[in-house]
Amino acid sequence: MSGATDTAGLSAAAIARIDREIAKYPADQRQSAVMSALAIAQDEKGWLSTATMDAVAAYLAMPPVAVYEVATFYTMYNRAPTGRFKLTVCTNLPCALSGGDHAAVHLKKALGIGFNETTADGKFTLKEGECMGACGDAPVMLVNNKRMLSWMSDDKLDALLKELSDAADRGEGAPNGGGKP
Ligand code: FES
């Protein structure tokens, strides 16, 4: 179905990646690729606008609302622009009791923001996460959904912020990062 619909400005490379995901399923079940397609779109755009989700829906021959449901259910999908680095800290009970809450407080203080906020310099967005399946490694967190970090002491958190801040200065991190539409 390549080229048959508005792809909301997704690159040919992104569409090719989505096509590879679609090819993993029977021809009449292309919507099974929705999670992968949204992740690929987000990799390229940095976040999922309504236009992007609508394009994914059209490409997968799904009702847009079905795509919105997926995008709003999973915290890995960004429904608004984020900073270059989205930090998601697990604060579910097992982690909360093992340092997760402390790590969240430390990050809030170090960044000067609360959950669901982005630093003024556009480098960081802080999120509260659900169980990441690594409860024994608390405090645990994700950077931009893909880099998992364990046993995040205050010192390790500070080192991480320095590393990512430097990376943001080099223009690394989420595309279109900066917390602005
Ligand atoms: S509760 Fe945090 S990883 Fe499971």
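Q: I'd like a rundown of helix H1 (residues 12–22), residues and numbers included.
A: Among the residues of H1, Ala14, Ile15, Ile18, Glu21 and Ile22 are the ones counted as buried. Summarising the axial view, the buried residues of H1 lie within an arc of 115°, below the 170-degree limit, and thus occupy one face. Opposite its buried face, H1 presents the exposed residues Ala12, Ala13 and Arg20, each directed more than 90 degrees away. Looking at the buried side of H1, the elements it contacts are helix H2 (34–45) and helix H3 (50–59).

Q: Residue-level account of the pattern of salt bridges, with values.
A: Tallying each qualifying case throughout the model produces 7 salt bridges. As a salt-bridge pair, Asp169 and Lys123 come within 2.9 Å of each other at their nearest N and O atoms. Note that Asp169 is positioned in helix H6 (residues 154–169) and Lys123 in the loop between strand E2 (117–118) and strand E3 (124–129), a separation of 46 residues in sequence. A salt bridge links Asp166 to Lys162, with the shortest nitrogen-to-oxygen separation between them at 2.6 Å. Note that Asp166 and Lys162 are positioned in helix H6 at a spacing of 4 residues, about one turn of the helix. Linked through salt bridges whose partners overlap, the residues forming this network are Arg17, Asp43 and Lys146.

Q: Describe unusual backbone geometry, listing the residues and the values that go with them.
A: Cis peptide bonds are those with omega within 30 degrees of zero, and the linkage from Ala138 to Pro139 qualifies with -5°. Locating Pro139 in the fold gives a position in the loop between E3 and strand E4 (141–143). Not every positive phi belongs to a glycine, and Ala61 is a case in point at roughly 60°. Within the secondary structure, Ala61 sits in the loop between H3 and helix H4 (64–73). Its identity as a non-glycine residue notwithstanding, Asn145 has a phi of 70°, on the positive side. Relative to the elements of secondary structure, Asn145 occurs in the loop between E4 and strand E5 (147–149).

Q: Run through the packing of H1 against H2, naming residues and quoting values.
A: Close contact between H1 and H2 brings their axes to 9 Å; oriented N to C, the two are set at 165°. Between H1 and H2, the angle falls in the class roughly antiparallel. Crossing of H1 over H2 shows right-handed handedness. Contacts between H1 and H2 involve Ala14, Arg17, Ile18 and Glu21 from the former and Ser36, Ala37, Ile40, Asp43 and Glu44 from the latter. Class assignment of the residues belonging to the contact of H1 with H2 gives a composition of 4 nonpolar, 1 polar and 4 charged.

Q: Can you break down the nonpolar core residue by residue, with the values?
A: Counting residues in hydrophobic clusters, the biggest one holds 22 residues, and the most contacted among them are Ile18, Val34, Leu38, Leu48, Val56, Leu60 and Val67. Sorting the residues of this core by element identifies H1, H2, H3 and H4 as the ones contributing at least two each. Among the elements that make up this core, the one with the highest residue count is H2 (5 residues). Sequence-distant contacts of Ile18, that is, excluding residues within four places in its chain, are made with Leu10, Ala37, Ile40 and Tyr59. Listed in part, the 21 residues of the second largest apolar core include Ala104, Leu107, Ile113 and Phe115.

What counts, and at which threshold
- Residues numbered from 1 in each chain as written.
- Predicted model: local features only at pLDDT ≥ 70, side-chain atom pairs only at ≥ 80, totals over all residues.
- Heavy atoms only, no water.
- Buried < 20%, exposed > 50% of the residue type's maximum accessible area, 1.4 Å probe, protein only.
- Helix = DSSP H or I, 4+ residues; strand = E, 2+ residues; numbered from the N terminus.
- Arc of directions from axis to C-beta.
- Contact = heavy atoms within 4.5 Å.
- Salt bridge = Lys/Arg side-chain N within 4 Å of Asp/Glu carboxyl O.
- Axes fitted to C-alpha atoms, helices over the stretch in contact; angles between N-to-C directions.
- Parallel < 35°, antiparallel > 145°, perpendicular 65-115°, else oblique.
- Left-handed = near helix turned anticlockwise from the far one by under 90°.
- Nonpolar A, V, L, I, M, F, W, Y, C, P; charged D, E, K, R; others polar.
- Core = buried A, V, L, I, M, F, W, Y, C linked by side-chain atoms within 4.5 Å.

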